[in-house]
Amino acid sequence: MEGKMMYIVDDQMGIRLLLKEIILDAGYEVKEFENGQEMLKECETGQPAFVFVDYNMPLMNGRQVAEELEKRFGEETGVCIMSGFSIQETDLKETPSNVKKFLEKPFDVAEVKSLLKQHVS
């Protein structure tokens, strides 16, 4: 697990702090960002193993972030899109191939840990 960098992208500090605690507790490294543009700039110098991204954010939404990550890294960097709102079937059409999971907020800690075990080797 050492060296596996997880990125959290959410405009709500409380969500970032909660996820950071869960991910650190699972033994991974974490970087957090308020928006997708900040995170993508960081990707110029390194590739995250997995990204948790909020669906509804200013500047870029979660799908746009996932699409850009897919262009850069293919399916190597898995993505989990999170939302405080129910994600509709129409929102899921043509989902980028790197999106491994959709999580509704508030999320279950065990579900996040299971997702990390399943998608980050």
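Our structure is the block above this text.
The rules behind these values
- Residues numbered from 1 in each chain as written.
- Predicted model: local features only at pLDDT ≥ 70, side-chain atom pairs only at ≥ 80, totals over all residues.
- Heavy atoms only, no water.
- Helix = DSSP H or I, 4+ residues; strand = E, 2+ residues; numbered from the N terminus.
- Salt bridge = Lys/Arg side-chain N within 4 Å of Asp/Glu carboxyl O.
- Buried < 20%, exposed > 50% of the residue type's maximum accessible area, 1.4 Å probe, protein only.

Draft legend 1. A look at unusual backbone geometry. Residue Lys 105 is joined to Pro 106 through a cis peptide bond whose omega torsion reads -5°. If you trace the backbone, Pro 106 turns up in the loop between strand S5 (99-104) and helix H4 (109-119). Positioned with a positive phi, Leu 59 is a non-glycine residue whose angle comes to about 75°. Relative to the helices and strands, Leu 59 resides in the loop between strand S3 (50-54) and helix H3 (62-73).

Draft legend 2. Expanded view of the pattern of salt bridges. Evaluation of the coordinates by the stated rule reveals 10 salt bridges. The salt bridge involving Asp 54 is made with Lys 105; its shortest N-O contact spans 3.0 Å. A residue pair is termed long-range when its members are at least 10 positions apart, and Asp 54 in strand S3 and Lys 105 in the loop between S5 and H4 qualify at 51 residues. The same class applies to Asp 54 as to Lys 105, namely buried. Glu 75 is paired through a salt bridge with Lys 100; the nearest N and O atoms lie 3.3 Å apart. Residue Glu 75 is found in the loop between H3 and strand S4 (78-83), and its partner Lys 100 is found in strand S5; the two are separated by 25 residues along the sequence.

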